[in-house]
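# Commentary on secondary and tertiary structure
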Protein chains: 2
Amino acid sequence: MEAKDNGPKKKLSNGAIEGPTNPMVTPLLTDLYQFTMAYAYWKAGKHQERAVFDLYFRKNPFGGEYTVFAGLEECIRFIANFKLTEEEINFVRESLSSSCEDGFFDYLRGVDCSDVEVYAIPEGTVVFPKVPLMRVEGPIAVVQLLETPFVNLINYASLVSTNAARHRNVAGKSKTLLEFGLRRAQGPDGGVGASKYCYIGGFDATSNVAAGKLFGIPLRGTHSHAFVSSYMSLDEITDKSLCRKDGLSTCDDFVSLVQTWLNKIQLSKGVFGATNQSELAAFISYALAFPDGFLALVDTYDVMRSGIPNFCAVALALCDLGYKAGGIRLDSGDLAYLSSEARKFFCSIEKEFGVPGFGKLTITASNDLNEETLDALNKQGHEVDAFGIGTYLVTCYAQAALGVVFKLVEINNQPRIKLSEDVSKVSIPCKKRSYRLYGKEGYPLLDIMTGENEPSPKVGERILCRHPFQESKRAYVVPQHVEELLRCYWPGSSDKKTDTLPPLRDIRERCIKQLELMRPDHMRRLNPTPYKVSVSAKLYDFIHFLWLNEAPVGELQ
Amino acid sequence: MEAKDNGPKKKLSNGAIEGPTNPMVTPLLTDLYQFTMAYAYWKAGKHQERAVFDLYFRKNPFGGEYTVFAGLEECIRFIANFKLTEEEINFVRESLSSSCEDGFFDYLRGVDCSDVEVYAIPEGTVVFPKVPLMRVEGPIAVVQLLETPFVNLINYASLVSTNAARHRNVAGKSKTLLEFGLRRAQGPDGGVGASKYCYIGGFDATSNVAAGKLFGIPLRGTHSHAFVSSYMSLDEITDKSLCRKDGLSTCDDFVSLVQTWLNKIQLSKGVFGATNQSELAAFISYALAFPDGFLALVDTYDVMRSGIPNFCAVALALCDLGYKAGGIRLDSGDLAYLSSEARKFFCSIEKEFGVPGFGKLTITASNDLNEETLDALNKQGHEVDAFGIGTYLVTCYAQAALGVVFKLVEINNQPRIKLSEDVSKVSIPCKKRSYRLYGKEGYPLLDIMTGENEPSPKVGERILCRHPFQESKRAYVVPQHVEELLRCYWPGSSDKKTDTLPPLRDIRERCIKQLELMRPDHMRRLNPTPYKVSVSAKLYDFIHFLWLNEAPVGELQ
């Protein structure tokens, strides 16, 4: 590791931390009470006490039994750059009581994350409730300040990655999935985040140019209905020439060539009535701009009577000049029916006019798609190759938040437990380790948490795995493979080796592999089998010992 | 207006446009197809054609009959700063086909919004489906580039403002509403945006420090459960002294003073069993840090057996020293019951120990609140003064997106209509004006859209208002007051006077007044009456004339 410079910024062996992706992510992006608590800790001389917090969630989203963990890199960037400016400190001073002592602001001036340790599950891993996604250890006042930004950065990232993975699961591996959600996302970086994390969850591309630039995500896009309706007639096309793809000659009147094809198609199909001429003009104009891979939105007027014949005429004319068309996009109507009809039309053109590959042109569908509509399309049968998904994907319409929490589990080496009448809200105390145990078939069997200093589970050795709260739920497991889940990503002042922060593509790759590794019954959309999360016998006993001690005195009488 | 400098940035008479609030909001924050279309327009020599787009939504959110319009200032900032950097242009070049001509990128280099006109309804206005919130006119290639960012900036802003207004509507005027959603928001500026727009919608304060700094929104916060459980015992409090508020003397052992009070309370209430000592230590410590306005989270262990007696002991001790406590926060359990019990406890203490005002201490409630739970609390009866609302508010859990669209309504002075089999998706063509007509009682009666050059409705003159699509729905109205809705916020190259962009507080004020102005049956939660949106007789006829002309030829046969 390199020596620190005058700032708190660290360059880790795992790659440069170049500042936050989003410049709004500053130490002030937190709840006021984190600062009031920091002051109270400082005033009590308690601010340097070593605390351990677990970041985890309590329930898988979308009625499923798995979650994709994402957002880690943003958290590490955040702490790498964690330093309050003088202006920010002044604002905190104004926001707290005027009785707060100056010494506190001197203290804040020196605060950074050089003494904070962050362990986390690698980004892109499939994760489960209660198992810490991150374990953050450091001076309590500092670690508290990280709570809100960490939860914010993990919550939506993991939720939308999971949503993307679920859409992929329904769509199947062979389909192309395009994220089209920027306009409906919850704010600008809601849109940018959606593009990034949907890519991690298995999407292939985005329409969001900013996300393409920031993260190198492949970009996709054609044209809109407005483009089509901005044309009135073919007269608007003044430069009608198009050079052949091989550059050997130029077609002087591409418009006539298209019209010739349109007539042939109409004759062959026995189609009566003209197609929409504004639409035809728009398609020709778009083809003149992008002759290779020509794509058209075909539902502005009437898909089968206008859009498809117009598209085919342009595509065939392009073919004459050596170009290969891309395909169509459907943005309304009965997508199962229209995609099947369009496919038939393409295939009949391939056959009739002897144009190899024409039947395989790409059909993209969009228009308020979600898991349910994809599932329904599958059941009806369709010919869609690519889905453009927006609103439901990026806003996580089916469940707009993941309940990520950040709980104190140890302070000054003393375990802490948060009790609640609702057992699902009781926290699992202690600084812990967690492991994923794999069975003979190669599937993960369960996750187990142990105390920090317990021996780790061993391959081939029987281990008792207990439900953290229900006494009767327990099982012996003989793992064939043991994977420790938490890895060091920010070593604090220790000299621990840190794990690399991989590039986005690798995170995506990991995520896809992780999802494939799961036993299929955990992953199905309806009535999936819960994946088991357990604790060691020792940790179980300790939880329940603490529980008794912490319960309200009245209840013990 | 000032002369332009070398950038496109304009200072309007309506206040300085100092750059985007969010530095991620750049011209690349758009869909790729806006650039492919821009190229196609440019290639066809059509890019400078004058186009008019309407930005509107089709349906009110949350099952209601009204929407709060918000996000306008961000849009105006965006266009004021709209200029592609060389780096951005290079990225667009890489993202488009390699066949795209250089001339286009030279063109992009010169693009700004100096020739774009933006008319809009003032931010904070109550608005309705189909009526343009913004009318954007300019060179078609440029205006298309604005579509995605404008829709993004308006969509969530209006949605969450409306959600806030609805929460206020249920909670009632007298309650304090606190936005606590940062950690559950969809990304960092999802959180910052939520704070801003919930404030516009009628919230009183936020926990989000960054939003407090950016927008001057009042900040609120106390402490968390972790703060309470970070304490083990009273021994941790080493400096036990607290100066009286008047500064005249110092209490050397505040801990003993609190314990004395706790004993008195327990005796008087006949409470057996000790309260939780970690909690007591945490409260004392917090009170020593913030003796004035002391607030405590009382549900870490047991509200009635521990939290409330501990709080009261500390509050009474503070009172002895001349300080006034603030109150409590409840974050779990039966809030109706617990708030009522807490209120009784406070009142009995006021009476028994003669502490004026103790019965009126503030009770704040949080914990997954939303419109329904607020409504249920009202029905049960409760003693909560302030609500802290997070997840459901900021993610708009009940409906995570508003369907804002941006439709071409005119190009080169030719009206354009977008047809659809679904009538609700048919756009209303033409560059239009819109008016709100008020009746005798002072309530808005309906909104009416007219062609740009029609005479405006006049006070006292009968006007025929027609449903845009249903022939039988029509009514004569004699307005007592006529308000033109669209105002100029960005004059483009014209010399039109622009409206001021008011400060956030004024927008909030406008919103609150607008909501109060509405007839109550439009605003109720269950089965609200739809507010009527109409068109003039002339515009009605024109829509239907166009519709016939644009419909697919096959259907006309």
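Criteria and thresholds
Residues numbered from 1 in each chain as written. Chains lettered and ligands numbered in written order. Predicted model: local features only at pLDDT ≥ 70, side-chain atom pairs only at ≥ 80, totals over all residues. Heavy atoms only, no water. UniProt positions renumbered as here; feature names shortened; annotations may be inferred. Helix = DSSP H or I, 4+ residues; strand = E, 2+ residues; numbered from the N terminus. Buried < 20%, exposed > 50% of the residue type's maximum accessible area, 1.4 Å probe, protein only. Contact = heavy atoms within 4.5 Å. Areas by Shrake-Rupley, 256 points an atom, 1.4 Å probe, with all protein chains shown as cover. Lys, Arg positive; Asp, Glu negative; His and termini not counted. Charge placed at Lys NZ, Arg CZ, Asp CG, Glu CD. Least-squares fit on C-alpha atoms with pLDDT ≥ 70 in both. Domains from an automatic or database assignment. Buried area = accessible area lost by both parts, 1.4 Å probe. Salt bridge = Lys/Arg side-chain N within 4 Å of Asp/Glu carboxyl O. Polar contact = N/O pair within 3.5 Å; in protein donor to acceptor, adjacent residues only side chain to side chain.

Chain A appears in an unreviewed UniProt entry as Nicotinate phosphoribosyltransferase from Psophocarpus tetragonolobus. The UniProt entry for chain A carries the following comment under Function (unreviewed entry): "Catalyzes the first step in the biosynthesis of NAD from nicotinic acid, the ATP-dependent synthesis of beta-nicotinate D-ribonucleotide from nicotinate and 5-phospho-D-ribose 1-phosphate. Helps prevent cellular oxidative stress via its role in NAD biosynthesis."

## A closer look at the overall build of chain A
For chain A, the count of helices and strands is 18 helices and 22 strands. Overall size of chain A, expressed as C-alpha extent along the three principal axes, is 90 × 55 × 45 Å. Relative to its 557 residues, chain A shows a buried fraction of 64%. Intrachain contacts of chain A at a sequence separation of at least 6 include 73% that bridge at least 24 residues. In the form shown here, chain A has an accessible surface area of approximately 20200 Å², with 50% of it arising from carbon and sulfur atoms. Seen as two clouds, the 63 positive and the 67 negative side-chain charges of chain A have centres 5 Å apart.

## Observations concerning the relation of the copies chain A and chain B
By a simple turn and slide, chain A fits onto chain B: the slide is 0.0 Å along the axis, the RMSD is 0.0 Å, and the turn is 180°. Both copies of the chain, as the preceding transformation shows, are related through a two-fold rotation axis. When the interface residues of chain A are mapped onto chain B, 100% of them are again interface residues, pointing to one common binding face.

## Digging into the domain arrangement of chain A
Domain assignment breaks chain A into domain 1 (32-165 + 398-556) and domain 2 (222-384). A separation of 51 Å is found between the C-alpha centroids of domain 1 of chain A and domain 2 of chain A.

## Structural notes on unusual backbone geometry
Outside of glycine, negative phi angles account for most residues, and trans bonds account for most peptide bonds. One non-glycine residue, A:N412, lies in the positive phi region at around 50°. Inspection of the secondary structure puts A:N412 in the loop between β14 (404-411) and β15 (414-415). According to the relative accessible area criterion, A:N412 is partly exposed, its value standing at 37%. Backbone geometry places B:N527, a non-glycine residue, at a positive phi of 45°.

## A few points about the UniProt feature "domain: Nicotinate/nicotinamide phosphoribosyltransferase" (unreviewed entry) in chain A
The positions UniProt marks with the feature "domain: Nicotinate/nicotinamide phosphoribosyltransferase" (unreviewed entry) are residues 327-425 of chain A. Between the end C-alpha atoms of residues 327-425 of chain A the distance is 51 Å, and the span holds 33% helix and 22% strand.

## Here's the deal with the UniProt feature "domain: Nicotinate phosphoribosyltransferase C-terminal" (unreviewed entry) in chain A
Mapped onto this numbering, the UniProt entry annotates "domain: Nicotinate phosphoribosyltransferase C-terminal" (unreviewed entry) at residues 431-542 of chain A. End-to-end, the C-alpha atoms of residues 431-542 of chain A are 12 Å apart, and along that stretch the chain is 21% helix and 32% strand.

## As for the interface of chain A and chain B
Between chain A and chain B, the contact holds 109 residues from the first and 111 residues from the second. The contact between chain A and chain B buries some 9000 Å² in all, and 60% of this surface belongs to carbon and sulfur atoms. For the interface between chain A and chain B, the tally reads eight salt bridges. Between A:R183 and B:D31 there is a salt bridge, and its shortest N-O distance comes to 2.9 Å. Joining chain A to chain B, the criterion identifies 41 residue pairs in polar contact (both at pLDDT 80 or more). The dominant element in the side of chain A that touches chain B, judged by the number of residues it contributes, is helix α1 (residues 32-43) of chain A, at 10 residues.

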